[in-house]
Amino acid sequence: MSKSIFYHAGCSVCTSAEHDIINLLGNENVEIVNIGEVRDRIGEAENAGVKSVPALLTPNGNVLHLNFGASMADVKG
């Protein structure tokens, strides 16, 4: 993986963090995935180790959980 992936669920905490992540890393260095809208990527996020969103998956596979917004159980509903 060459880009970071930022997973979020679309809430205000998540969208605020999205803007900060883009400003820090640059739009070309991060893929934004709103799993509230793109639900078929929830399993991918969980398999990578995401326990809550917003979370940033780094290119080397580390998951950085940011500013607890929602657990994956909440996202799955």
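Residues numbered from 1 in each chain as written. Predicted model: local features only at pLDDT ≥ 70, side-chain atom pairs only at ≥ 80, totals over all residues. Heavy atoms only, no water.

**Here we look at the overall build of the protein chain**
Then comes step 1: Counting secondary structure elements, the protein chain contains 3 helices and 4 strands.
Then comes step 2: For the protein chain, whose C-alpha radius of gyration is 11 Å, the value lies close to the compact-globule estimate of 11 Å for 77 residues.
Then comes step 3: Its C-alpha atoms give the protein chain principal-axis dimensions of about 30 × 25 × 20 Å.
Then comes step 4: For the protein chain, with 77 residues in total, the buried portion stands at 38%.
Then comes step 5: Counted over contacts in the protein chain with a minimum sequence separation of 6, partners at least 24 positions apart contribute 59%.
Then comes step 6: Carbon and sulfur atoms make up 48% of the accessible area of the protein chain, which amounts to about 4300 Å² in all.
Then comes step 7: Distance from the positive charge centre (5 side chains) to the negative charge centre (9 side chains) of the protein chain: 7 Å. (Helix = DSSP H or I, 4+ residues; strand = E, 2+ residues; numbered from the N terminus. Rg over C-alpha atoms; globule rule 2.2 N^0.38 Å. Buried < 20%, exposed > 50% of the residue type's maximum accessible area, 1.4 Å probe, protein only. Contact = heavy atoms within 4.5 Å. Areas by Shrake-Rupley, 256 points an atom, 1.4 Å probe, with all protein chains shown as cover. Lys, Arg positive; Asp, Glu negative; His and termini not counted. Charge placed at Lys NZ, Arg CZ, Asp CG, Glu CD.)

**Details of the pairing of strand S1 (residues 4-8)**
Then comes step 1: A large share of S1 lies buried, amounting to 5 of its 5 residues.
Then comes step 2: Side chains of S1 alternate between two faces, with Ser4, Phe6 and His8 and Ile5 and Tyr7 buried alike.
Then comes step 3: Of the pairings in the sheet, the one linking S1 to strand S2 (residues 30-34) comprises 5 bridges and is parallel in character. Pairing of Phe6 across the sheet is with Ile32, part of S2.
Then comes step 4: Each parallel crossover has a hand, and for S1 linked through helix H1 (residues 12-25) to S2 it is right-handed.
Then comes step 5: Here 3 bridges tie S1 to strand S3 (residues 52-57), and the two strands are oriented antiparallel to one another. Bridging across to S3, Tyr7 finds its partner in Ala55. (Pairing = 2+ DSSP bridges. Right-handed = clockwise from strand over helix to strand, strands pointing away.)

**Considering the environment of Asn67**
Then comes step 1: Summarising the element assignment, Asn67 is placed in strand S4 (residues 63-71).
Then comes step 2: Residue class for Asn67 comes out exposed when judged on its relative accessible area of 59%.
Then comes step 3: Not counting residues up to four positions away in its chain, the partners in contact with Asn67 are Val13 and Pro54.

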